[in-house]
Amino acid sequence: VNTTDQAFDSEAFRAQGYRVVDALADYLAQARGGSLPVLPWTAPAEQATRFPADFPAEPAGGFDALLREVLAHSTSLHHPHFVGHQVSAPLPLAALCDLTAALLNNGMAVYEMGPAATAMENAVTSWLCGQLGWGTAAGGILTSGGSAGNLTALLAARQAQAGFDVWTAGAQGGPPLCALVSGEAHYSIKRAVQIMGWGKDGAWLVPLDARLRMRADAMPEAFARAEAAGRKPVAVVANACSTATGSYDPLAEVAAFCRERKLWLHVDGAHGAVAALAPKYRHLLKGIEAADSVVWDAHKLMQMPALATAVLYKDGRHAYGAFAQHASYLFTEQQPEAEAHNLGTRTLECTKRMIAFKLYAGLAVLGTRFFADHVTRSFDLARVFAEHIKAAPDFELALEPEANIVCFRHTPRVTLADGRDTGAPSPEALDQLQVKLRTKVNEGGRYYLVQTRLPQGLFLRTTLMNPFTTEAALVALLEVLRVASRT
Ligand SMILES: Cc1ncc(COP(=O)(O)O)c(C=O)c1O
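Residues numbered from 1 in each chain as written. Predicted model: local features only at pLDDT ≥ 70, side-chain atom pairs only at ≥ 80, totals over all residues. Heavy atoms only, no water.

The subject of this paragraph is the overall build of the protein chain. When helices and strands are counted, the protein chain shows 16 helices and 11 strands. Scaling as 2.2 N^0.38, a compact globule of 487 residues should have a C-alpha radius of gyration of about 23 Å, and the protein chain matches this with 24 Å. Seen through its C-alpha atoms, the protein chain measures out along the principal axes to roughly 80 × 75 × 45 Å. Across the 487 residues of the protein chain, 50% fall into the buried class. Taking contacts inside the protein chain between residues at least 6 apart in sequence as the whole, the part at least 24 apart equals 72%. Surface exposure of the protein chain reaches about 22000 Å², of which carbon and sulfur atoms provide 57%. Mean positive and mean negative side-chain charge positions of the protein chain (43 and 46 charges, respectively) differ by 6 Å. (Helix = DSSP H or I, 4+ residues; strand = E, 2+ residues; numbered from the N terminus. Rg over C-alpha atoms; globule rule 2.2 N^0.38 Å. Buried < 20%, exposed > 50% of the residue type's maximum accessible area, 1.4 Å probe, protein only. Contact = heavy atoms within 4.5 Å. Areas by Shrake-Rupley, 256 points an atom, 1.4 Å probe, with all protein chains shown as cover. Lys, Arg positive; Asp, Glu negative; His and termini not counted. Charge placed at Lys NZ, Arg CZ, Asp CG, Glu CD.)

Here we take up the site of the ligand. Taken together, the neighbourhood of the ligand is formed by 14 residues, with G146, S147, T243, D268 and H299 sitting nearest. For the ligand, a nitrogen atom lies 2.6 Å from a polar atom in the side chain of D268. K300 is positioned with one of its side-chain polar atoms (N or O) 3.3 Å from an oxygen atom of the ligand. Here the ligand, which alone exposes 390 Å², has 86% of that area covered by the protein. (Near = heavy atom within 4 Å. Polar contact = N/O pair within 3.5 Å; in protein donor to acceptor, adjacent residues only side chain to side chain.)

Right, let's talk about the nonpolar core for a bit. Formed by 64 residues in total, the largest nonpolar core has its most connected members in V236, Y248, V254, L265, W296, M302 and F379. The element contributing the most residues to this core is helix α11 (residues 251-261), with five residues. Excluding anything up to four places from it in sequence, Y248 contacts R213, N239, A240, C241, G272, A275, L284, L285, F379, E402 and A403. Counting residues in hydrophobic clusters, the runner-up holds 36 residues, among them A117, A153, A156 and Y313. (Core = buried A, V, L, I, M, F, W, Y, C linked by side-chain atoms within 4.5 Å.)

Below, the discussion takes up the sheet that holds strand β3 (residues 203-206). Across the sheet, seven strands lie side by side as β1-β7-β6-β5-β4-β2-β3; this open sheet has mixed pairing. This sheet does not close on itself; its edge strands, each paired only once, are β1 (139-143) and β3. This sheet shows a mean twist of 20° between the axes of neighbouring strands, independent of strand direction. In this sheet, strand β5 (residues 264-268) lies alongside strand β4 (residues 232-239) in parallel orientation, the contact comprising five bridges. Paired with A235 across the strands is W264, a residue of β5. (Pairing = 2+ DSSP bridges. Axes fitted to C-alpha atoms, helices over the stretch in contact; angles between N-to-C directions.)

It is worth spelling out unusual backbone geometry at this point. Residue C241 follows A240 across a cis peptide bond; omega there is 5°. When you line up the elements, C241 lands in the loop between β4 and α11. Here A306 and L307 are connected by a cis peptide whose omega angle stands at -5°. For L307, the location among the structural elements is in the loop between β6 (293-297) and β7 (309-313). Here the phi dihedral of L212 falls at roughly 65°; this positive angle occurs in a residue that is not glycine. Structurally, the position occupied by L212 is in the loop between β3 and α10 (219-228). Relative accessible area serves as the criterion here: at 7%, L212 is assigned to the buried category. Notably, Q303 is not glycine yet its phi reads approximately 60°, a positive angle.

Before going further, it helps to spend a moment on the pattern of salt bridges. Throughout the structure, instances matching the rule amount to 19 salt bridges. Measuring nitrogen to oxygen at the nearest pair gives 3.0 Å for the salt bridge that ties E11 to R14. In this pair, E11 and R14 both sit in helix α2 (residues 10-33), three residues apart, roughly one turn of the helix. By relative accessible area, E11 is classed as partly exposed at 47%. A salt bridge links D315 to R317, with the shortest nitrogen-to-oxygen separation between them at 2.9 Å. For R317, a relative accessible area of 55% gives the class exposed. Sharing partners across several salt bridges, the network here consists of D98, R353 and K358. (Salt bridge = Lys/Arg side-chain N within 4 Å of Asp/Glu carboxyl O.)

For the rest of this paragraph, the subject is the environment of A210. Summarising the element assignment, A210 is placed in the loop between β3 and α10. C-alpha of A210 to C-alpha of P455: the two residues are 245 residues apart in sequence and 9.4 Å apart in space.

This brings us to the sheet that holds strand β10 (residues 450-454). Across the sheet, which stays open at both edges, the four strands sit in the order β8-β9-β11-β10 with antiparallel pairing between neighbours. The outermost strands of the open sheet, each flanked by one partner alone, are β8 (395-397) and β10. Taken pair by pair, the neighbouring strands of this sheet meet at an average axis angle of 40°, ignoring direction. Along the sheet, helix α14 (residues 368-391) makes contact with β8, β9 (405-410) and β11 (457-463), crossing β9 at roughly 15°. Against the sheet, helix α16 (residues 471-486) touches β8, β9 and β11, its axis set at about 30° to β9.

Where α2 contacts helix α4 (residues 63-72), the two axes come as close as 11 Å, and the packing angle between them is 20°. With respect to their mutual orientation, α2 and α4 come out roughly parallel. Crossing geometry of α2 relative to α4 is assigned as right-handed. Each of Q16, R19, V20, A23, L24 and Y27 in α2 lies in contact with α4, whose residues at this interface are F63, D64, L67 and L71. (Parallel < 35°, antiparallel > 145°, perpendicular 65-115°, else oblique. Left-handed = near helix turned anticlockwise from the far one by under 90°.)

What follows is the structure, encoded as structure tokens:
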């Protein structure tokens, strides 16, 4: 048999595939049951020695062993003690969709390169638009992550609002532009603004309230200052919710300001737009229906594997402004709207994954309530954890959680050997303690949590989106942190 026949042999694939699914199913059972380390910590240089670049010229086999190595040395997101970054413990069903998408490799730029995927993408994006309260004029696309999504939406905003054709004339073809942005915006917003050539002040910061939400009452002054500095504000970017603390900006008030000043409102809902699905928490998004664009990550609270992001527009035609460019070998010369089925006119990607399949399958097979319940449970659990933190005299809660993100720090008083109490540690010592705790706990493999700097200092940060994380596991985390602080 020649090597190509071997590599594409369908029976070999079947046999290998069964072994892979067996290995993944075992992994899932162990991860869910918490019998693996959350993070099998190894220093980067040592890890590199496990995966050397000494590739053989001839087929060498060994995939099963390689898969075992990958599973043993990867972070376990299904572990109930994974409470770190905002990345989902993905649905096994969605993983199977991704496997299918990888084999079919329908590239999606044009309808002919992904007929089923295009139909599913249009269905999923219009369903998401409906969840935001938008009508039939709304529409959107799926793209590779919230960062790409924010750039896409801001490009559309720029084209709609600049007053000149920036796509053709370039960033210097008119007055310097800016967006009014929360200081708590995800870094991808500032990055997008700078990619667009607006410079650092292109993200003009609006002051925050004590809960780290953008102050709508401070927007007129921010607008005036930006104008006085020679900028033309064209958009506002609001968080729903913020990355660090899960704070929801007051969208209704922000939207009223945007309406008054004729500004584009972009809501970065990468993490928290999903609250639209949960009746108990929908109120956090009050006003989102007035947004012009919303980014919504399904690889966060919708339990999809990365990457799966929706960029949604209240008026779907704006999607064509983001990349106002024609590639005639791909698209015919008709009006772009006449080519709604060719998604590549509206995305950063040309070739892209069949992102919609997993999301469509999840909604179609598991039903929509499944996703709503996951949001409710995650947000509820954050409130329960916050109560435990508040009840513990040696822990401090940074903010009452609005979403499923809880920031807190350990604040033990130090008792000396002679019994004297030295009082609260200095701010520097407190910061150092949190760094020490996070490093110790993560490298020990029992929990995985992260940290964030807030105005009061450095805080430990947990995002509760793993469906197997329990209240008891969070109470135990506090005890693990206490023990770590003493050793
Ligand atoms: C509010 C917000 N926006 C954007 C992003 C970036 O999303 P992604 O990681 O999908 O690029 C994040 C995520 O981590 C986020 O929390």
